[in-house]
Amino acid sequence: MKLTAEQITKACGGILLCGDPQTEITSFSTDSREIQPGCLFVPIKGERTDAHIYIEATLAAGAAGTFTQYRNAPAADSHPWIYVENTCEALQKVAAWYRSLFSIPVVGITGSVGKTTTKEMVALALSAQYNTMRTQGNQNSQIGLPLTIFQLSPEHEAAVVEMGMSEFGEMGRLAAIARPTMAVMTNIGLSHIGQLKTQENILREKLHITDGFTSKNRLILNGDDPFLASVQGKTPFPVISYGFGDSCEYRAEEIETNDKGTSFVMVHHGRRLPVFVPAFGIHMVYNALAAIAVAEQNGIPAEKAAEALQQYRPLAMRQQRYEANGVTVIDDTYNASPDSMMGSVDVLASMKVSGRRIAVLADMLELGDVSAEAHRSVGRRCAQRKLDILYVIGQEAKEIAAGAKELAPDMDCREFMDNASALADLKKTVSSGDAVLVKGSRGMHTDEIVHGLL
């Protein structure tokens, strides 16, 4: 919806330094390179760069106005300059106010891994009956979430928003902005444990997604995760579990995988429903269960939700499969954590191939004191799954090779410090019939290896 500079100024408690208060604002942008006509520029003052230096350029490029943390706006400028103490906090305040204009179901998605895929499946399931807005990409941060909220428009009947955090206090701020009416928690893993120190702290922080919940709200969680399972029976609002365990309300049985995807039977209160998802891995079953649970809790028959899930397609760099000269390449390079990396190793091991199964694994970042053991645990999983060749890239990833050697001393492990060297060796090694998994933290840029292979 179009907003005026006056409305925005009031919503964030700012001061309009100059410009017409009735100027229409149609979007917000924190990136001076992506200015659209009618947008309000939000210059972020970071540790290295103060984006206020780009204000005049963004206005010249078509921005309708700007936030500013300085009071030195040109008095004669017709563009609205809105003074605030902190531009990021101002963006969040306006987004929280904008969210309050909508009385629709809003599903918040969080967890250590699987947020984006779960978000996509939940949105698909809800779309079986409702016009549903969802987070684009992984816009789930202190800046990304507010920008997502501004995508809401009057025709939307539901929304699914991804909510990520890496430090104490962040989830509470996100919950105050998005005000989810229902939440999904996928798991409590080791992502960001370097900052949060323990999984117990991660759980406590992520539970802030339910801030503001009453007995009318629902928390849907992975009942097989021991940390999440401990929440049940201890909240003032209903908790609904999904998973494989007998105690899970939405349970998966008879799981099978073929070359087209994964099928299972969803069991709920004695009812049995066949479900097929065109994706691979046990984690995809969890995601589909969560989506069906959300749909049913919002009045959509499970059958309609399951039918909608057949439209799922993997997102870029998230277990996308390619064929190149007879070699299957699994691009899972978007990011990596111990849980997601072991899940991808399981997917590779389950594939039917005429050649070899090769894993190319790079450093997992932000693991703090548990990094060495976390990497070794991935290596042990590679050995347990009897992969044929293991490439490791980076200083931390050397521990993956060490873990593999613990269980399989003769395993073919090849260590490299950079992508180019690993790719050169890999090109000489792969042959028709092989399957190659490529995965690492985003900062390791392992997508370079995928591009090289293709």
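Description of the structure in this document. (Residues numbered from 1 in each chain as written. Predicted model: local features only at pLDDT ≥ 70, side-chain atom pairs only at ≥ 80, totals over all residues. Heavy atoms only, no water.)

In this section: the pairing of strand β10 (residues 158-162). Within β10, 5 of the 5 residues are buried, which leaves it mostly tucked inside the rest of the structure. Of the two faces of β10, the one lined by A158, V160 and E162 and the one lined by A159 and V161 are each fully buried. Pairing geometry for strand β8 (residues 106-110) and β10, over 4 bridges, is parallel. Bridge assignment links I109 to a residue of β10, and that residue is E162. Summarising the sheet, strand β9 (residues 132-134) and β10 pair through 3 bridges and their orientation is parallel. Within the sheet, the bridge partner assigned to R134 lies in β10 and is V160. In this view, the connection linking β9 to its parallel neighbour β10 by way of helix α5 (residues 144-149) has right-handed handedness. (Buried < 20%, exposed > 50% of the residue type's maximum accessible area, 1.4 Å probe, protein only. Helix = DSSP H or I, 4+ residues; strand = E, 2+ residues; numbered from the N terminus. Pairing = 2+ DSSP bridges. Right-handed = clockwise from strand over helix to strand, strands pointing away.)

The subject of this paragraph is the packing of aromatic side chains. When we look at a pair of aromatic rings, we describe it by the centre distance and by the angle of the planes. Under the counting rule described, the total for this entry stands at 7 aromatic pairs. A centroid spacing of 6.5 Å and a plane angle of 65 degrees characterise the contact between Y242 and Y286, whose relative ring orientation is edge-to-face. Highlighted residues: Y242 in strand β13 (residues 239-243) and Y286 in helix α10 (residues 282-297), separated in sequence by 44 residues. In this pair, the class of Y242 matches that of Y286, namely buried. Clustering of aromatic rings is evident, with ring pairs tying together F28, Y98, F102 and F150. The positively charged end of R71 is found above the aromatic ring belonging to Y83, 4.2 Å away from the centroid. Above the face of the Y334 ring, R318 is positioned so that its terminal group lies 3.8 Å from the ring centre. (Phe/Tyr/Trp six-rings, centres within 6.5 Å; stacked < 30°, edge-to-face > 60°. Lys NZ or Arg CZ within 6 Å of the ring centre and 35° of its normal.)

Applying the stated rule across the entire model yields 19 salt bridges. The closest approach of N and O atoms between K439 and D332, which form a salt bridge, is 3.1 Å. Of this pair, K439 sits in strand β22 (residues 435-439) while D332 is found in the loop between β18 (327-331) and α12 (338-350), placing the two residues 107 residues apart along the sequence. E373 is the partner of R376 in a salt bridge, and the nearest nitrogen-oxygen pair spans 3.3 Å. One end of the pair is R376 and the other is E373, both in helix α13 (residues 371-384) and 3 residues apart, which spans about a single turn. A relative accessible area of 22% means that R376 is categorised as partly exposed. One network of salt bridges, with partners in common, ties together E373, R376, R380, E399 and E406. (Salt bridge = Lys/Arg side-chain N within 4 Å of Asp/Glu carboxyl O.)

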